[in-house]
Amino acid sequence: MKKIIAVFAIISIAFFACAPKKTNIDNQDSKSVSNMAPEEIKDVATWKAAYDDLISAYSSAVAQLNGGNLGAGAKIEELGKRAEALNSVAETIRSGLSGQEQADFAQVIEAYREKFSQAVNSN
């Protein structure tokens, strides 16, 4: 009986020690997407994550600028250039898709461009 309990305890410890920690993985993915060069983005999911991060960073920079942080102006300019690069990457990704996937992604591209445009015009 003690052996069974010991084996169960060892298996339980190993299971929990080896189980991935979702929040840490998500944070690493988020950091890697925000630091990823646009030309490294090769798929729709990564592009969406990068554009979401861009919009969030842009909104944050605008809030800082509106709060009196004039240094945020340079960040806003940098994020504008990143948006242009992500738009180019989107066209490259879209050209590699076919049929309905290509049409669906074209709609996604327009939706994200509109979200970014709204962020730009909100300041």
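Now for a description of the structure that goes with this document.

About the thresholds
Residues numbered from 1 in each chain as written. Predicted model: local features only at pLDDT ≥ 70, side-chain atom pairs only at ≥ 80, totals over all residues. Heavy atoms only, no water. Phe/Tyr/Trp six-rings, centres within 6.5 Å; stacked < 30°, edge-to-face > 60°. Helix = DSSP H or I, 4+ residues; strand = E, 2+ residues; numbered from the N terminus. Buried < 20%, exposed > 50% of the residue type's maximum accessible area, 1.4 Å probe, protein only. Lys NZ or Arg CZ within 6 Å of the ring centre and 35° of its normal. Expected span 1.5 Å × (residues − 1). Core = buried A, V, L, I, M, F, W, Y, C linked by side-chain atoms within 4.5 Å. Contact = heavy atoms within 4.5 Å. Salt bridge = Lys/Arg side-chain N within 4 Å of Asp/Glu carboxyl O.

Looking now at the packing of aromatic side chains. Within the structure shown, the criterion is met by six aromatic pairs. Aromatic side chains Y51 and Y112 sit 5.6 Å apart centroid to centroid with 65° between the ring planes, which places their arrangement in the edge-to-face category. Of the two residues, Y51 is situated in helix 3 (residues 44–66) and Y112 in helix 5 (residues 99–121); the sequence distance between them amounts to 61 residues. Taking relative accessible area as the criterion, Y112 reaches 9% and is therefore assigned buried. Judged by centre distance (5.0 Å) and plane angle (65°), the rings of Y58 and F116 are edge-to-face. One end of the pair, Y58, is in helix 3; the other, F116, is in helix 5, with 58 residues separating them in the sequence. With respect to class, Y58 is no different from F116; both count as buried. Of the aromatic side chains, those joined through ring pairs into one cluster are W47, Y51, Y58, F105, Y112 and F116. The ring of Y112 is capped by K115, whose NZ or CZ atom sits 4.4 Å from the centre of that ring.

We now examine helix 4 (residues 72–95). Taking 1.5 Å per residue as the helical rise, helix 4 with its 24 residues ought to reach 34 Å, and the 35 Å between its terminal C-alpha atoms agrees with that figure. What helix 4 keeps buried is the set A72, I76, L79, R82, A83, L86, N87, V89, A90 and I93.

All right, on to the nonpolar core then. Formed by 23 residues in total, the largest nonpolar core has its most connected members in I41, W47, Y51, L54, Y58, L86 and F116. Broken down by secondary-structure element, the contributors of at least two residues to this core are helix 3, helix 4 and helix 5. With eight residues, helix 3 is the largest single contributor of residues to this core. With near-sequence residues (within four places) excluded, W47 lies in contact with I41, L86, V89, A90, I93, F105, V108, I109 and Y112.

Per the counting criterion, the structure on display carries five salt bridges. Close ionic contact of K81 with E77 constitutes a salt bridge, the shortest N to O distance being 3.7 Å. With a gap of four residues between them, K81 and E77 both fall in helix 4, about one helical turn apart. One salt bridge in this structure joins E91 and R94, with 2.7 Å as the shortest N-O distance. Here E91 and its partner R94 are both found in helix 4, three residues apart, which amounts to about one turn of the helix. With a relative accessible area of 28%, R94 lands in the partly exposed category. Taken together, the shared-partner salt bridges connect E91, R94, E110 and R113 into one network.

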